[in-house]
Amino acid sequence: MKYIVVTGAAGFIGSCLLQRLHELNYENLVAVDDFSKQEKNCNLEHKSFVTKVSRTEFFSWLEANGNAVKCILHIGARTDTTETNWELLDELNLSYTQQVWENCVLYQIPLIYASSAATYGNGEYGYVDSHSIVEKLKPLNLYGVSKNEFDKWALAQEEEPPFWAGLKFFNVYGPNEYHKKRMASVILHSFHQIQETGKVQLFRSHNPKFEDGKQLRDFVYVKDVINVIAFLMQTQTKSGLYNVGTGHARSFLDLAKATFAAMDRPECIEFVDMPLDIREKYQYYTQAKMDKLIDIGYNQPFTSLEDGVKDYVQNYLMKNSCY
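To start, this report covers the structure provided alongside it. Starting from 1, residues in each chain are numbered consecutively following that chain's sequence as written. The predicted origin of the model limits local features to residues at a pLDDT of at least 70 and limits the giving and counting of side-chain atom pairs to 80 or more, whereas totals for whole chains, interfaces and linings rest on all residues. Computation of side-chain values covers all heavy atoms of the structure but excludes hydrogens and water.

A word on the overall build of the protein
Working step 1: Looking only at helices and strands, the protein has 11 helices and 13 strands in total.
Working step 2: Atoms counted for the radius of gyration: C-alpha only. Globule rule: 2.2 Å times residue count to the power 0.38. Whereas a compact globule of 323 residues would reach a radius of gyration of roughly 20 Å, the protein reaches 19 Å, a difference of no more than 12%.
Working step 3: If one aligns the C-alpha atoms of the protein with their principal axes, the spans along those axes are about 55 × 45 × 40 Å.
Working step 4: We call a residue buried when its accessible area falls under 20% of the maximum for its residue type, exposed when it is over 50%, and partly exposed in between, using a 1.4 Å probe and counting protein chains only. Counting all 323 residues of the protein, 54% fall into the buried class.
Working step 5: Only heavy atoms enter the contact rule, under which two residues are in contact if any of them lie within 4.5 Å. Long-range contacts, defined here as pairs at least 24 residues apart, represent 79% of the contacts in the protein between residues at least 6 apart.
Working step 6: Computed by Shrake-Rupley with a 1.4 Å probe, the accessible areas treat only the displayed protein chains as cover when residues are assessed. Surface exposure of the protein reaches about 14400 Å², of which carbon and sulfur atoms provide 46%. In this text, helices come from DSSP runs of H or I with a minimum length of four residues, and strands from runs of E with a minimum of two, each type numbered from the N-terminal end.

Structure representation (structure tokens):
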């Protein structure tokens, strides 16, 4: 019996990944997380796994079961981009992940972990998942710093897991993010605003190069993200860092219009000033360069923004259901 471990299993991407693995007929799934947060309970309902392991007990569990683990999918992290407590980010995003890596080396376990497009900062060096630029990157917030510090550390290691992939997730949206509050996608916030007020508020641009609402991001549907993770776990072709986006930047205006269309409601969009605590740390443009993933054989199409928003809104938000 070989286990597949998913950390962050009660969270947004982790819980969707658990469901996808079940659909692919993987058994012996192990869910790792801080299970004390009641607002995440919905994400684990009807999920299939053999055991739950508390995040704080995980390394003790590995000590007893490391030789029986087929793969670790390390999705758990402190994902708040406004977090200012470096000690917390260091503990959860850097030190914890280093310990996961070292256990994967010890027990020869393939590792796939969550990095982030936040590592790219303003994109001075492009959004290319090349190892040669990692040392130069200047993330705009401490969350991005914590992710980039681990990427740098991983690339410097002489001892590696038998296979590893660090995934630079771009703007992921989709079901099971109900608990993320301020950090949830603009689609979730837009949906609730339209329900309550009939209109959507978007951030005004504070950069003269971009019109209001024309800030551009690479929005990627969570179902595409978990397909990429499953592909890498199955193929284990070439270790390294990989972008996970669509390769096509879209505007927040496009996103809001897609949400209105999915809800069959008339468009009403107004602009508000961006909060001061994120204004200087805001990415106005991101677009994943996806050649590296395609070059190792990933050929599934990515969901368009309109189709992804429609599926998310009509099959999950309107029904208040999880994936």
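Notes on unusual backbone geometry
Working step 1: You will see that Q108, though not glycine, has its phi angle at about 55 degrees, which is positive.
Working step 2: Checked against the element boundaries, Q108 lands in the loop between α4 (86-107) and β5 (111-116).
Working step 3: In this structure Q108 comes out as partly exposed when scored by relative accessible area, which is 47%.
Working step 4: The phi dihedral of K181 is positive, around 55 degrees, even though this residue is not glycine.
Working step 5: Within the element layout of this structure, K181 appears in the loop between β7 (171-173) and α6 (186-197).

A look at α4
Working step 1: Given a rise of 1.5 Å per residue, 22 residues ought to cover 32 Å, and the 30 Å separating the end C-alpha atoms of α4 matches this to within 8%.
Working step 2: A residue's bend is the angle separating two fitted axes: one through the seven residues that end there, the other through the seven that start there. Remark: the principal bend of α4, roughly 30 degrees, maps to S95.
Working step 3: Contacts described as polar in this section are N or O atom pairs within 3.5 Å, which, within protein, must combine one atom able to donate a hydrogen with one able to accept it, while residues neighboring in sequence count only if both atoms come from side chains. Its side-chain oxygen placed 3.1 Å from the backbone nitrogen of E87, N85 serves as the N-cap of α4. Expected helix span is given by 1.5 Å per residue-to-residue step, counting one fewer step than there are residues.

Purely geometric numbers; function is a separate question.
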